[in-house]
Structure formats: structure tokens, C-alpha cells
Amino acid sequence: MSDVAPLSFQDLILTLHDYWGKQGCAILQPYDMEMGAGTFHTATTLRALGPDPWNAAFVQPSRRPTDGRYGENPNRLGAYYQYQVILKPSPPNLQELYLGSLKAIGIDPLLHDIRFVEDDWESPTLGAWGLGWEVWCDGMEVTQFTYFQQMGGFDCKPVSGELTYGLERLAMYIQNKDSIFDLAYNNATADRPAITYGDVFRENERQMSTYHFEVADTDMLFDAFKKATAECESCLQHALPIPAYEQAIKASHIFNILQARGVISVQERASYMGRVRDLAKGSCQAWMEKNGWAV
Amino acid sequence: MTDFLLELRSEEIPARMQVKAKEDLARLFNDALAKAGLAAASVETFATPRRLALIATGLPLATDAVSEETKGPKVGAPPQAMEGFLRKAGLTQDQLIERDGVYFAVVEKAGRQTADVLAEAIPAIIRAFPWPKSQRWGAASVSTESLRWVRPLQGIVALLGDAVVHCEIDGIVSGAETMGHRFHHSGPVTIGNAGDYIEKLRAAHVLVHFSERCAIIRDGAKAAAAAAGLTLVEDEGLVVENAGLTEWPVPMLGRFDPAFLDVPQEVIQLTARVNQKYFVCHDSNGKLANAFVCTANIDAHDGGAAIVAGNEKVLAARLSDAKFFWEQDLKVALDDQATKLAQITFHEKLGSVADKVERVAKLARWLVEEGIVKGATADAAERAARLCKADLVTGMVGEFPELQGLMGGYYARAQGESDAVADAVRDHYKPVGQGDDVPTAPVTVAVSLADKLDTLARFFAAGMPPTGSKDPFALRRAAIGLLSLIMDNGLRSSFRKLLIETGAATSYFDLEAFLIDRLKVQQREAGVRHDLIDAVFSLGGEDDLVRLLARVKALQAYITTAEGANLLAAYKRAANILKQAEGVDAAAPAPAELVTEELALRTALDAAEPKAAAALSVEDFEGAMAALATLRAPIDAFFEGVMVNDPDPAKRAFRLGLLARFRDAVTQVADFSKIEG
């Protein structure tokens, strides 16, 4: 590592905000709904459509109920943080910009082995795909780097470049910790030690794992899934793509909890995902129409 | 003569695509040259993650002028013919040349500058490049018609001799500048000509020769292992993949906690290889060592200590995941796992995997009880079949699907199943396609055969055979597996009997024809002729595949001798004559006087017929062929000395009868009419 003290979790975020803000990105706030990945944020999904330029960066809390481990596994979380950057159209020096951000957070590319390893991205629930890489730092995947080709089943015209940093992994790397829960969340002061990631989130992991795996009322969730579906369709009939899309996000998260509860069989899984995809696609189509873009 | 350099620089090209891309570049370039009437003395291609390049030597600076002559109408031909010819040639009649009473149009084509040919060819090659997957990018991608490349294309170097070949594609202009290593070199590298490309890039920390990077990785990884007193587990696939991920490869040895060695070594090797692209090592006892070799893309200024430490941490996290799955899986009996198979669909029309297991268990048991598979107990076969798919619901196979079977074998052994059962669980997917090891352990053979038989019969019966290039359920592979199991183990059974036992025999004829087709493909490599397979198969009634192939081989051994070829010729001659004759009767009475050749043939037939039949009845196909061979000389002499279509009807009838006996004797062994040549 470098001579200076490694960045705390919060300083990692602040440094990326500072870096991407200087590159002309609007620094947005997280979307205020439960979602599985930063890509679901309307700043990515909807803004990736249409011809208008768009440059934004934000943190997105990402919920993955099935990945919860009751706070016991040092590498896995049911809720974690993604740092998303979307640049549209993708600039010609996107890789250099990205590598600049790694330097900004203290990764020296002549000390650490940075590699772009083929990994094509696909989101079956968003009807989206792109080509790109997972970026490796000494063999660890720290970022997903994607050139969006389609979103909601529509060609991206123009193509956006999307960067998704796994913040906890990067922080573990920078701080040289073996457990997520040992990460320094903030900075120690003269009279107070730094608090850890575990201090902030471990109890959430325990309770949410119990809820997702053991307690969540599946009848209520099946019902909620149906209602979100119906509400989405109603919004689409009123040509309201944003509220429609929010219902699609809601349905997607409910589906994820049902998966964690183990009540969706392998056979049903594809059909639930297909329903969410239809909602997301319908929302994207309504968004295109609302903006007067050819579908 | 001069040399040409082309470099297409892009963002990182997937490692798996680089070798093919080199071939494609050479092919497209040579085609473009050939179309312009040019050829290079040599063409060499290069690939790294960030560039695809080509050097062609010995190119002429220009193509030769050529004069093309087109033949036109004769002097005095109708005026319409002349008008049509002139229109096509774009000439007037006084521009034509007359020679020997015929008009010719002569067009002089000037030579072209090679640079001009190349300037046209480069954009065409880029647009036509067959990447398995390609993308749009940047501002131009507002149109879906914008340039596509495997990843964004960044620059083109095109130098003919010392001069830039000027071309442009979607705003990318050719030049002489490229980039060196992403981290070891900043700023552009200016290339003078093809001759200094390789060395200038080497100075900028880029090894453009794929083979040079492979050699560094291969040798360096071995040396790193040897320096630690270990032996590298060589893996050429990993060598190539790492060469495709690096421009300046540096292999380095790392370690992991020996406690992880409790996990089956295949799991460690797989996660190291597939997820991390690491080599693994053996210790002096040939056991997996707690060490790996990773390949970095830089000469790190701390000698690689931080890189090794980082990679060790990543592998440790992966291995702790694997260890977690291994330990969790060991806590659940395979019988309990197997009950969960009811939740997994085998195919929507064919029920769950649990349903399949039930069928395979019965079939495996039956194969042993019927004596088709010898040397196993029926209980062991059924037991293995009932456990064979249970690992599909384990955590480890969920994480690493390619370990199916293998993990089941480990879990079966761990819960105290016999070796025969555990081995069968492990190996029952084998053989996976042609060239894979074919199981010989009886319990394994029973389960593997039952599994494949069930798959084939069920998909055919449900009307889902492979069509054209579509084979979504890998039935061709299953068929090859089935055939290999039967042939290599000499399993004797009528195929019809096997199929009836599956309970899904409704498409018997389709499946049989499909298997014969696969048999031809499978045997082609062994040099067995497909027409001879047809010749034996079309006799009908021969659906014991082992016997069928033995007959084919005996037939091939004989038919490819000079004597066999003569017999075949004689057969064809006889068959032709008989085809044109009417009312042939093999038992036609002999006329009072017989010529020598008739007598000799009859005597030979009298002797050969029972011999061939007797040999066939004991499956002595060489013996049957030998019996037929005794007919070769008499039949040749017969054709030589006797006129079959004699004016005397009695003589003719007898001779036709002799030929019919000859044909029928031959046909007992194989349908010679199917044999080519």
C-alpha cells in the first residue's frame, strides 16, 4: 500500500464522488427503494435510453437477500453498496478515466496487477446486456465495466459506459482486511477510535437474514408481487413510465425475497423473471414513447 | 518489394478470441490481396489483449498492368449479336480486334499502387471481421449502423515500407503511432516500418508474439514451482489463456493454507483454474500442494510481493467458500439430497430428475439381471443409479456445475458406499463425447448405459430428435456415448430389446436409424467405411450392434483385398444381369450337359453355401467371408467362359439360377448392392 493511511469506507466514497464530480458527473443520491443493483436506479436504466448525453455517479445500496449469511461469512452480505458511474455516450478514454479513479483511491498500477478480463454483462430482469470486463486487481474482481448495448430490449443509441465498483471489496483491498466487518467505516479521531463496518451493519445482516430466510410472510409477498404487477400495468395505461418502473423494481425485490425463502421452484423461477422483465420492458417502452423516441 | 505492417489496437480483446482472430486476420488479408492480384511472400500475425497485428513481406509496390481479351461474335454474325457484345464491352466496333474471323474486345487494365489496394482493403477487413461477439461504442453509436468491433477500436497503424497507408474508418485515421504497455510505458510509440515493430514494442514492455508470451508463461511457471521444490501441473489451456491476458507476463508462485487441502483436489484445481486462471502444483509425492502460480502483467516495483499477497487472499476466500460447501454437503446423506430431485425438471415433457432416476434405476438393474452387463450385482447397479444425480442439489455442484458426478462420487464414498457404487456415481456421465474414457467397471457401465438409453428413448418418443444443427439436449453426444459403451464393453443385446425395456419404444425405427448414422460418424475415425455399415445393416434383423460391427469389419477386411474387389465386381455383374432377367429361379434344373465353368460354379456354391451359413450361425464372419472367397475364381471363370443369355431357354434358366444362387450366397453376409466402388 502507499505511505498514507488507507481510505476509510466513507472516504472511499467521498474520494470517488470528488473524482467523478470533477469529470463532470452529476453526483446523485441513492434511489430510495430496495433494489438488487445500481443498474436498477432510473439514473442508469431509463437514462441509458434515448439520445441525450448523461453523466452521473452515485452510491446505490444493493439488496441481495439470498446472499445474506447472518453476518457470519467474512465475504458475503445480504445488503451492500455499489458505486455506479454512467457516462453517455461512452467517452473514448473511459478506461483511462477509470484507471485514474483507482489511482485516486490509492491503487498503484505498477505495484498491483490491474487487468480487464472478459465478462459480458446481462440482466435478464431488465432485458439488458452489454459487453465489457470484470476488472481485476491482483486477481480480485473490483469493478464491472460494461458498454450497454441494449436496455429494456431497446438498442442503446448511443451506447453508455457503466462502471460498477464493489465498494466493500475495494475497501477490503485498500485497507488489507480479511473480513468485511473489520473495515474501518470512518476515521479515528484523537479521542475516539474508528467505527467498523460491522459496528454499523452486522446486526442488520443478522436480522435481515433471519427475516429473508425464515420469517418473511410468503402469502403476503405473493400477494404483494401480484399487486405491484397490477399497479405497474395501471401506471403504464396512464402513460406514467417512472411510477410504473418503480412498481417493476418493487416486484423484482419481492421476487428476490421469495427466492431467499425458497418457495419458488426451479420451474417457476423463469416465469417470475419473465414477468418482471415484461414490466421493466414496458416501463422502458413507455419512457421512450413519453420522450418521443422511436421504439 | 516491400513489407507491410497493420496493427488494429483496441481495448482488451477477450483471451479466448485471440488465436482465432489471428487466423481470421491472415485469411481476410490474403483474400483481399488475391482479389487485387497481389500476393505476399509471407504473412505473420500477432495478438495481445490490446492489439491484433499483421506483417506481410515481399509485396510488390504496384500490381501489374493486365490486358484482358474477351471473345466476341464471328465476322458476319447477325447485327443484334454484335450490338449486344459492344454494349456489354462498352466499345465501338472499330475498337475491336479481328483474328481468324472472330472479333475480340481488348481492355487494358492499368496496374494499381499497392498502397491504394491496402487503403481500400483495411476498412473492408475491419468491417467484415467475424468476431464471435461485437459491440458499438461512443458518440457514433447513436446509429446502430456504426462500426462494430470486439471492444472499442482505438487506433490503426498501417505502414507500407516507411510510408503510412492512409485510410479512415468511423473517424479512426491510420498512422504510425501506437501505444506501449498500459502501465509500463506512457505516451505513443512511433513505428518506422514493419521491421522495427516487434522491437519497438518490446522496448515499450509489449511482447507481440503470442508464442513468446506462451513460452515465458510455460517456462516461468515451471521454474517458479521448481524453485519451491514443487512440480507444476502443466495446463496448456491456461498457458494460452494467460498469454491472452498479458502483454508482459510474469509468473509468480503463491501459497494457500494447507488446511484447504481437505477439500477434494479437483475442486481446488477447478476454482484456481476457472475463477482465477492459476496453475496448481504437486509436491514430491505427486499430491496437490498448497501452492499456485499466477501470471501478472507487470514487473512490479516491489518484485511482486503485493501482487502475490493479493492473489493469495482472493484464492483463500474462494477456497473457504469451497470448504464451506464441502463441509455442508457432507452433513446431508445423498438419499436425502435425492428426494429434492423431484423439484428439478428434467424436461417439461419428461418429468423431474427424480422421475428419470427412477427409470434409470430400474433399467440399470434389468441390464444386470438380463446378463447384458456382466460382473455387477443388480443391487449395486440400482443403488448407484438412485444416488447418481443426487449431487445436483449439493452446494458444491450448485457453485461448480462441471463437478457433477465427481462430487457425487466423493459424497457417496464418504457416506460408506462401496467403491463400485461410488465409482459409478462419479463416472456415470462418461463417456462425454468421442475421445473421452469409456467406463469398463460393470456397475458404472450399467448406470451410464441406462442413463443414456433413457435420455435417447424418451426424447425420441416425445418427438424431440436433433434436427440439422440443432441438438439442444446433446442427443448426438449421448448416442456416441451409448455406442462406445456397447462396443468397448462388448455388450450383447438386440437393440430393440433394450429399447422396449425403456418403456418408450414408440420411435424405434427413427432412433435405430439415428444410431446407425452416429455409428458411421463414430467409426469414421477408426477407418470403418460407412457404405459397409449400410451393407450389413440393410440386411435387416441385425440389431445387435456388437455383431453388426464385427460383420462390417470382416467385410471391410475382405472387400479391400484384390480378391474382394473382384468378388464385388462379379456380384455387381450378376446383379445387373439378374435385374434385367425375368422369372429367375435359383432351383432351375440343370440341362443334360454342363460346361466346365457351370459345373465348377455349382460345385463351389454347393460347398460354400453351407460353409457360409454355418460360419454365420456361430458369428464367425471371417469364416463366412472365406467361404465366399472360394466363389471368386469359379464366378470369374463362369463370366469368362459362359454366355448367360443363351438362346436355349433351359440353358439360360439354369445359368440365371446359378447367378441367383451366387447373389443370395453373397447377400447372406452383406447387401453388396450398398457397397460403393
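Anyway, here's the lowdown on the structure attached to this text. (Residues numbered from 1 in each chain as written. Chains lettered and ligands numbered in written order. Predicted model: local features only at pLDDT ≥ 70, side-chain atom pairs only at ≥ 80, totals over all residues. Heavy atoms only, no water.)

As a further point, take the overall build of chain A. Check the secondary structure of chain A and you find 8 helices and 9 strands. Relative to a compact globule of 295 residues, whose C-alpha radius of gyration would be 19 Å, chain A shows 20 Å and is just as compact. On the principal axes, the C-alpha backbone points of chain A span a range of 60 × 45 × 35 Å. Put simply, chain A has 295 residues, and 56% of those count as buried. Nonlocal contacts in chain A, meaning residues at least 24 apart in sequence, comprise 66% of its contacts between residues at least 6 apart. A total of about 12000 Å² of accessible surface is found on chain A, and carbon and sulfur atoms cover 50% of it. Between the centroid of the 24 positive side chains of chain A and the centroid of its 37 negative side chains there is a distance of 4 Å. (Helix = DSSP H or I, 4+ residues; strand = E, 2+ residues; numbered from the N terminus. Rg over C-alpha atoms; globule rule 2.2 N^0.38 Å. Buried < 20%, exposed > 50% of the residue type's maximum accessible area, 1.4 Å probe, protein only. Contact = heavy atoms within 4.5 Å. Areas by Shrake-Rupley, 256 points an atom, 1.4 Å probe, with all protein chains shown as cover. Lys, Arg positive; Asp, Glu negative; His and termini not counted. Charge placed at Lys NZ, Arg CZ, Asp CG, Glu CD.)

Any two side chains of opposite charge can pair if their charged atoms end up close together. In total, this model carries 58 salt bridges over all chains according to the counting rule given. Asp120(A) is paired through a salt bridge with Arg151(B); the nearest N and O atoms lie 3.0 Å apart. Pair noted here: Asp120(A) is in the loop between strand S4 (114-118) and strand S5 (121-123) and Arg151(B) is in the loop between helix H3 (114-128) and strand S7 (153-160), and the two residues belong to different chains. As a salt-bridge pair, Arg492(B) and Glu619(B) come within 2.9 Å of each other at their nearest N and O atoms. Taken together, the residues span a long stretch of sequence, with Arg492(B) in the loop between helix H16 (475-488) and helix H17 (495-502) and Glu619(B) in the loop between helix H22 (596-617) and helix H23 (621-629) at a distance of 127 residues. By relative accessible area, which is 34% here, Arg492(B) ends up partly exposed. A residue is classified by how much of its surface remains accessible, and Glu619(B), at 30% relative accessible area, is partly exposed. Taken together, the shared-partner salt bridges connect Lys356(B), Arg359(B), Lys389(B), Asp451(B), Asp454(B) and Arg458(B) into one network. (Salt bridge = Lys/Arg side-chain N within 4 Å of Asp/Glu carboxyl O.)

The next thing to look at is the sheet that holds strand S6 (residues 102-109) of chain B. Residues and elements named next belong to chain B. Spatially, 3 strands are ordered S4-S6-S5 in an open sheet, and the strand pairing comes out antiparallel. On the outer flanks of this sheet lie strand S4 (66-74) and strand S5 (97-99), each paired with one strand and no other. Taken pair by pair, the neighbouring strands of this sheet meet at an average axis angle of 35°, ignoring direction. For S5 and S6, the ladder comprises 3 bridges, and the chain directions are antiparallel. (Pairing = 2+ DSSP bridges. Axes fitted to C-alpha atoms, helices over the stretch in contact; angles between N-to-C directions.)

Another point: the interface of chain A and chain B. On the side of chain B, 49 residues touch chain A, which itself brings 43 residues to the contact. The largest per-residue losses of area from chain A upon contact with chain B belong to Leu110(A), Arg115(A) and Glu118(A), which jointly make up 16% of the total buried on that side. There are 23 residue pairs in polar contact (both at pLDDT 80 or more) connecting chain A and chain B. Mapped by element, the contributors of at least two residues to the side of chain A that touches chain B are helix H3 (94-104), S4, strand S6 (128-137), strand S7 (140-151), helix H4 (167-175) and helix H8 (266-290) of chain A. (Buried area = accessible area lost by both parts, 1.4 Å probe. Polar contact = N/O pair within 3.5 Å; in protein donor to acceptor, adjacent residues only side chain to side chain.)

Turning next to the side chain of Ser160(A). Inspection of the secondary structure puts Ser160(A) in the loop between strand S8 (154-155) and strand S9 (161-166). In contact with Ser160(A), not counting residues within four places along its chain, are Ala48(A), Ile86(A), Leu87(A), Lys88(A), Ser90(A), Thr146(A), Tyr147(A) and Phe148(A).

Our focus in this paragraph is the pairing of strand S2 (residues 54-63) of chain A. All names here are of chain A. Most of S2 sits out of view: 7 of its 10 residues are buried. Where strand S1 (residues 26-27) and S2 come together, 2 bridges link them in parallel fashion. Note that in S2 the partner of Ala 26 across the bridge is Ala 56. Across 10 bridges, S2 lies against strand S3 (residues 79-88) in antiparallel orientation. Bridging across to S3, Gln 60 finds its partner in Gln 82.

Take the environment of Asp178(A) next. You can see Asp178(A) is positioned in the loop between H4 and helix H5 (197-215). Here the alpha-carbon distance between Asp178(A) and Pro74(A), two residues 104 residues apart in the chain, equals 7.0 Å. When sequence neighbours within four positions are dropped, the list of residues in contact with Asp178(A) reads Pro74(A), Asn75(A), Met172(A) and Lys313(B).

Moving on, we come to the layout of surface pockets. Residues and elements named next belong to chain B. Its volume calculated, the second largest pocket comes out at about 650 Å³. If you go around the second largest pocket, you meet 19 residues; those closest to its centre are Phe 346, Lys 389, Gln 404, Tyr 429 and Thr 455. With 4 residues, the single largest contributor to the lining of the second largest pocket is helix H15 (residues 442-461). Residue composition of the lining of the second largest pocket, grouped by class: 11 nonpolar, 3 polar and 5 charged. (1 Å grid on protein atoms, 1.4 Å probe; cavity = no way out; pocket = protein on both sides within 12 Å on 5 of 7 lines; lining within 4 Å. Points joined across faces, edges and corners; volume = space filled by probe spheres on them. Nonpolar A, V, L, I, M, F, W, Y, C, P; charged D, E, K, R; others polar.)

Attention now moves to the sheet that holds strand S15 (residues 279-282) of chain B. All names here are of chain B. Taken in spatial order, the 4 strands make up an open sheet running S13-S15-S16-S14, and their pairing is antiparallel. For this open sheet the edge positions go to strand S13 (231-232) and strand S14 (250-255), each flanked by a neighbour on one side alone. Direction of pairing for S13 relative to S15: antiparallel, over a ladder of 2 bridges. What sits directly across from Leu 232, in S15, is Cys 281. With respect to the sheet, helix H5 (residues 210-227) is in contact with S13, S14, S15 and strand S16 (288-296), its orientation differing from that of S14 by roughly 30°.

In this structure the tally under the stated criterion is 4 cavities of 30 Å³ or more. Its boundaries defined by the atoms lining it, the largest cavity holds a volume of some 130 Å³. What lines the largest cavity is a set of 17 residues, among which Arg115(A), Glu12(B), Pro49(B), Leu245(B) and Asn297(B) lie closest to the centre. Looking at the lining of the largest cavity, its residues break down into 8 nonpolar, 3 polar and 6 charged. When its volume is computed, the second largest cavity comes out at roughly 90 Å³. If you go around the second largest cavity, you meet 15 residues; those closest to its centre are Asp113(A), Arg115(A), Trp136(A), Thr295(B) and Asn311(B). Within the residue set of the lining of the second largest cavity, elements represented by two or more residues are S16 and helix H8 (305-330) of chain B.

Attention shifts here to H16(B). All names here are of chain B. Across its 14 residues, H16 extends 20 Å between first and last C-alpha, which sits within 8% of the 20 Å expected from 1.5 Å per residue. Here H16 lies mainly inside the structure; 11 of its 14 residues are buried. For H16, the complete set of buried residues consists of Leu 475, Ala 478, Ala 479, Ile 480, Gly 481, Leu 482, Leu 483, Ser 484, Leu 485, Ile 486 and Met 487. On its buried face, H16 sits against H15, H17, helix H18 (508-524) and helix H20 (545-559). After H16 finishes, the residue Gly 490 shows a positive phi value of roughly 55°. (Expected span 1.5 Å × (residues − 1).)

Residues and elements named next belong to chain B. Where S15 lies against S16, 3 bridges are found, and the strand directions are antiparallel. Opposite Val 280, over in S16, you have Phe 292 as the bridge partner. Between S15 and the antiparallel strand that follows it, S16, lie 5 residues; Gly 286 among them carries a positive phi value of about 80°.

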